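# Architecture and fold: a report
Okay, here's what each chain looks like letter by letter:
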Amino acid sequence: MNKYRIILLVLLSLGSFGCKKYLDVVPDGVATLDNAFSNRANAEKFLFSCFNMMPNQNDPFTYPGNVGSDEIWWDMDNSGIHGRSGSQIARGGQNMTDPLWNYWDGRRDGKNIWVGIRDCNIFLENIGKVLDITDYERSRWIAEVKFVKAYLHYYLFQLYGPIPIVDKNLSMEVDPAEARVYREPVDKVTDYIVNLLDEAKEGLPEMIEDPINEMGRPTKVAAAALKAKVLVWTASPLLNGNPDYTQVTDNRGTKLFPATADRNKWVRAATAIKEAMDMAHLLGNALYRYKNGLINIADTLQLNFTIRGAATERATLNPEIIFAPTTSANSFQNYCTPNFYPSQVAGSQELCATLKVAEQFYTNNGVPIDEDPSWNYADRYSRQKNTDKTHKYFIASNETTAKLNYFREPRFYANLAFDRGLYDVQALLGVTTATIKNRSGEPQGVVYSANHIPTGYFIKKLVSFRSSITGTGLSPYNYTIPVIRLADLYLLYAEALNEVKDAPDQEVYQWVDSIRTRAGLKGVEESWRRYSSLPTKPTTKEGMREIIKRERMIELAFEGQRAFDLRRWKDAQKYLNQPVQGWNFQGLNDQDYYEVTTYFNSRNYTYKDYLWPLYQVSVIRNSNLVQNPGW
C-alpha cells in the first residue's frame, strides 16, 4: 500500500486526473512490484512496458504530427474520423477545459506520458535486484530505459514547452508541498534531456545485431541523433528568445523562457548533429536506394521506389533509418490506399493530402512552381490531356488531368496519386500499374458519402511500393514510419549551419544537394541559377533558410515532421490559417471535377496554439504549475 501511495502522490503532483492504479499498467503476469524484478523474464516484460509508453508515430489519429495539422486531411463525412481529437484540433478545437490530445493527463486520444516516466524510474531503481541477467544485459537495459525516459521528456517538451523534470519518483515521506512540482526553465529541461541521452549512449550497442528480435530498440546513433533533435528544438525561434514568452514567470519568480535569442544554441546543435552523422556514416548508415535485383524495372520507376522506400522500407533493408519503433503503419496504409478492389473495403481511401501540399513540390526543374518562368503557374488549375510521352510513367495516356500535375519533380509523383495518374507497385515479375479514376461514381471516387477522399490527392508515399493493389482486399507490406532517418539529420545540419554562418556556402549546400540528388534533381545553386526567377535566393541566409524549410516539408512529407517543424519555426500561423482546398470530389466529369473547392476555412491559429494548454483541473490542483501563454 505504501508503494501505491507513492505513485499516487507523484501523479497528483503533476496534475494528473483519473490515473490508473499501478497494477493496471505493469506487464501482464506480474502481480506485484517485487515480482516484477524477481527474475529476468519479468524484468524484461517491465522493460517492454516502458517502450510501450512511447507515442505511436504510426497512428494517424493519436500522434500530433499526423492528422491535426495542414498536411493530411480526411473524409469529413466519416463521423468516426471527423470526431477524433486530431480532426478537432485541425478545425481549431483545442481548449484548456478538456484539452484534446492530452498527453499530460492521459485524456482525449493522448496517453499519460508521466506514467511512462514513472515506470522508467521504477525500472532504474529496481533493475539491480535481478540476479539472473548478465552485466551486459543490465547495462544495456538501463541505457535503453534512460533513452526512453529522455524521449518521453522531450515529447512533452515539444508539446508544452517548459515541463517538470522527474528524474526520481517521490518517496512516501515527502511533504505534500514538495509534491507540487514546478515547470523548469527551457535551458534546464534541455540540459537534463541531453545529459540523460549522453548517459544512455554509453551503454547502448553500436548496432542491432539481432534484427529479427531487436528492431525498435535504440543504438548509440539513435541516442546521438535524438540529442541533436533536442538541441535543434531549443535553438529554433519558438523557444529561443521568443518575445511572446519572455514574461512567463512562475510563483518562485523564475522565468521559464529565455529572454533573448542565443546564436550559440545553433552552434551547439550543429556540433551534435555532425557527431550523430559521423557516427551513423561510420556504422554504415546511408541514404536509401532501391535495388531491383533480377526484376527489370525502368529507371524512372526505380527512382520512384527509391523515394517511397526511404520512409516505407523495413528497417532491416533500409540503411537510412536511425531509429524506428516496432509499431506497424498498416493503419496508415489502409486509410491511404485507393479502392482498387472489386468491392468496397471498409476504411480505405479516407486520408488525403491538401492542395497546398501538392503545390509545395517543385517543378521538374527543382524550383518552386511560382518561381519557374518555364512553368505556367497562372494556368495551373486548368486541364490538359496527356499526349506527352515524358509523362508515360505518371499520367495515363490520352486522359485529362490538371496542369498542376504536369512537369513536376519525381517526389511529387512518388508522394501523391491523383485522378488519371498512374499508381505503381512492385510485383513478382515486374511492376503492377493501375490508373486512378477519382471522379464521382468511378472506382476511386465517391461511391457513398463516408468512403472517399475530398481533396483529390491520395497519399501514395505511405502505401509501400511492395504492397499489393490487386486481389479482393488490401494486402499491406508491413513497415514502420521512422522516427529519425538520415535525410532528417542532413537537412537539420544544413539548417543549423545556415543559422551559424553569416552567409550560406558549399558546406550548407552539400547536405541539401545530397537529398536533391537522390530525388533526381540538380543542386540548389544550379537549379536556382538556371531555372528560378530569383536566381540569387540561395546566396542569402534568409533565402537559403526558406529553401531548407521547403526541402524538409517535401522530403519528410507525411512522416509526422511538418507539424512540429512549423511550430518550432513559428510558421504555423502562416500555414495553418490557410484554407483547406482540393478538387471537387462530387464532379462527374473533368470540367466539374477540376474546380478548386474549399473544404475548411475557419481555423483561427494564434500565438497561444504553439504550446498546448495544461488541463485546467491540473493547474487548479497544483498551483505551482503555470498555464501556457494565451490560455
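Quick caveat: nothing in here was measured; it's all calculated off a predicted structure. (Residues numbered from 1 in each chain as written. Predicted model: local features only at pLDDT ≥ 70, side-chain atom pairs only at ≥ 80, totals over all residues. Heavy atoms only, no water.)

## Some details on the overall build of the protein chain
Put simply, the test is: By the criteria applied, helices consist of DSSP H or I runs no shorter than four residues and strands consist of E runs no shorter than two, each listed in order from the N terminus. With C-alpha atoms as the basis for the radius of gyration, the globule rule is written as 2.2 Å multiplied by the number of residues raised to the power 0.38. The classification of residues rests on relative accessible area computed with a 1.4 Å probe and restricted to protein chains. Under 20% of the type maximum is buried, over 50% is exposed, and intermediate values are partly exposed. Only heavy atoms matter for contacts: two residues are in contact if any of them lie within 4.5 Å across the pair. Note on areas: Shrake-Rupley with a 1.4 Å probe; residue coverage comes only from the protein chains shown.
Scanning the protein chain from terminus to terminus reveals 24 helices and 12 strands. Relative to the compact-globule value of 25 Å for 631 residues, the protein chain shows a C-alpha radius of gyration of 25 Å, a close match. Viewed in the frame of its principal axes, the protein chain has a C-alpha envelope of about 80 × 55 × 50 Å. The buried share of the protein chain, reckoned over its 631 residues, is 61%. A separation threshold of at least 6 residues defines the contact pool for the protein chain, and within that pool the share at least 24 residues apart is 69%. Taken as a whole, the protein chain presents about 23,600 Å² of accessible surface, with 50% of it coming from carbon and sulfur.

## Details of the pattern of salt bridges
Proximity of charged atoms lets side chains of opposite charge pair with each other. Where we set the bar: We define a salt bridge as a side-chain nitrogen of Lys or Arg found within 4 Å of a carboxyl oxygen belonging to Asp or Glu.
On inspection of all chains with the given rule, the structure shows 53 salt bridges. Residue Arg420 pairs with Glu399 through a salt bridge whose shortest N-O separation is 3.2 Å. Of the two residues, Arg420 sits in the loop between β6 (416–418) and β7 (422–426) while Glu399 sits in the loop between β4 (383–385) and β5 (400–402), which places them 21 residues apart along the sequence. Under the relative-accessibility criterion, Arg420 is labelled buried at 6%. For Glu399, a relative accessible area of 22% puts it in the partly exposed group. One salt-bridge network, in which partners are shared between bridges, spans Glu320, Glu409, Arg411, Lys461, Arg485, Arg516, Arg518, Glu551, Glu555 and Glu559.

## Here we look at the environment of Val194
Here Val194 shows up in helix α9 (residues 186–203). Apart from the residues within four sequence positions on either side, Val194 is in contact with Lys227, Val230, Leu231 and Arg268.

## Some details on the packing of helix α3 (residues 40–51) against helix α7 (residues 135–160)
Selection rule: Working convention: axes come from line fits to C-alpha atoms, limited for helices to the stretch in contact. Angles between N-to-C directions cover 0 to 180 degrees. Note that the term roughly parallel is reserved for angles under 35 degrees, roughly antiparallel for angles over 145, roughly perpendicular for angles of 65 to 115, and oblique for everything else. Helix crossings fall into two classes, left-handed where the near helix is turned counterclockwise from the far one by less than a right angle and right-handed where it is turned clockwise.
The N-to-C vectors of α3 and α7 enclose an angle of 20°; their axes lie 9 Å apart at closest approach. Relative to α7, the element α3 is oriented roughly parallel. Of the two elements, α3 crosses α7, and the hand of that crossing is left-handed. Every residue of α7 that contacts α3 at Arg40, Ala43, Glu44, Leu47, Cys50 and Phe51 is listed here: Glu137, Trp141, Glu144, Val145 and Val148.

## Observations concerning helix α19 (residues 524–531)
At 3.6 residues per turn, the α-helix brings residues three or four places apart onto the same side. The condition that has to hold: Taking the helix axis as origin, the arc is that swept by the directions to the C-beta atoms.
Three or more residues of α19 are buried, namely Val524, Ser527 and Trp528. All buried residues of α19 fall inside an arc of 90° around its axis, so they share one side. On the buried face of α19, the contacting elements are α18 (506–518) and α20 (541–555).

## So, the packing of aromatic side chains
Definition in use: By convention, a stacked pair of Phe, Tyr or Trp rings (six-membered ring in the case of Trp) has centres within 6.5 Å and planes under 30 degrees apart, an edge-to-face pair has planes over 60 apart, and any other such pair is tilted. Each ring is checked for a lysine NZ or an arginine CZ that lies within 6 Å of its centre and within 35 degrees of its normal; such an atom marks a charge sitting over the ring.
Within this structure, the stated rule accounts for 33 aromatic pairs. Summarising the aromatic geometry, the rings of Trp104 and Trp114 are spaced 5.2 Å apart at their centres and angled 75° between planes, so their arrangement reads as edge-to-face. Here Trp104, found in the loop between α5 (85–90) and α6 (113–126), pairs with Trp114, found in helix α6; they are 10 residues apart in sequence, far enough to count as distant. For the pair shown, Trp104 and Trp114 are each scored as buried. Over the ring of Tyr377 we find Arg380, and its NZ or CZ is 3.9 Å from the ring centre.

## A few points about the layout of surface pockets
Applicable threshold: Within this scheme a cavity is a closed region of a 1 Å grid, computed over the protein atoms alone, that accommodates a 1.4 Å probe without allowing it to escape, whereas a pocket is open but has protein on both sides within 12 Å along at least five of seven lines; lining residues each have an atom within 4 Å of a point. Grid points are joined across faces, edges and corners, and a volume is the space filled by probe spheres set on the points.
The calculated volume of the largest pocket comes to roughly 570 Å³. Along its surface, the largest pocket is lined by 27 residues, and Lys356, Gln360, Arg550, Tyr575 and Gln578 are the ones closest to its centre. If you list the elements that add at least two residues to the lining of the largest pocket, you get α15 (355–360), α20, α22 (572–576) and β11 (580–582). For the second largest pocket, the lining is made up of 20 residues, of which Met207, Ile208, Met215, Asn285 and Ile321 are closest to its centre.

## Considerations on unusual backbone geometry
With the exception of glycine, the majority of residues adopt a negative phi angle, and the majority of peptide bonds are in the trans configuration. Of note, Trp101 is a non-glycine position whose phi angle comes to about 50°, a positive value. Within the secondary structure layout, Trp101 lies in the loop between α5 and α6. Residues other than glycine seldom take positive phi values, yet Lys570 does so here, at roughly 60°. With respect to the helices, strands and loops of the structure, Lys570 is situated in the loop between α21 (562–568) and α22. Under the relative-accessibility criterion, Lys570 is labelled partly exposed at 27%.

## Focus: the confidence of the model for the protein chain
Low pLDDT marks stretches whose predicted atomic positions should not be read closely. We count it as follows: The quantity known as pLDDT measures the predictor's confidence residue by residue, on a range of 0 to 100.
This prediction gives the protein chain a mean pLDDT of 92; 94% of its residues lie at or above 70. Taken as a whole, residues 1–13 scores under 50 in pLDDT and shows 27 contacts with residues more than four places along the chain or in a different chain.

## Some remarks on empty space enclosed by the protein
What counts is decided by this rule: Each residue is assigned to one of three groups, with Ala, Val, Leu, Ile, Met, Phe, Trp, Tyr, Cys and Pro labelled nonpolar, Asp, Glu, Lys and Arg labelled charged, and all others, Gly among them, labelled polar.
In the structure shown here, the tally under the stated rule is three cavities of 30 Å³ or more. When its volume is computed, the largest cavity comes out at roughly 210 Å³. Around the largest cavity sit 19 residues that line it, and Tyr154, Gln158, Lys229, Gln561 and Phe564 are the ones nearest its centre. Broken down by secondary-structure element, the contributors of at least two residues to the lining of the largest cavity are α7, α11 (220–235) and α21. Here the lining of the largest cavity is built from residues that sort into 11 nonpolar, four polar and four charged. Here the second largest cavity defines a volume of roughly 70 Å³. Along its surface, the second largest cavity is lined by 13 residues, and Leu576, Gln578, Val580, Phe600 and Arg603 are the ones closest to its centre. Within the lining of the second largest cavity, the residues separate by chemical class into five nonpolar, five polar and three charged.

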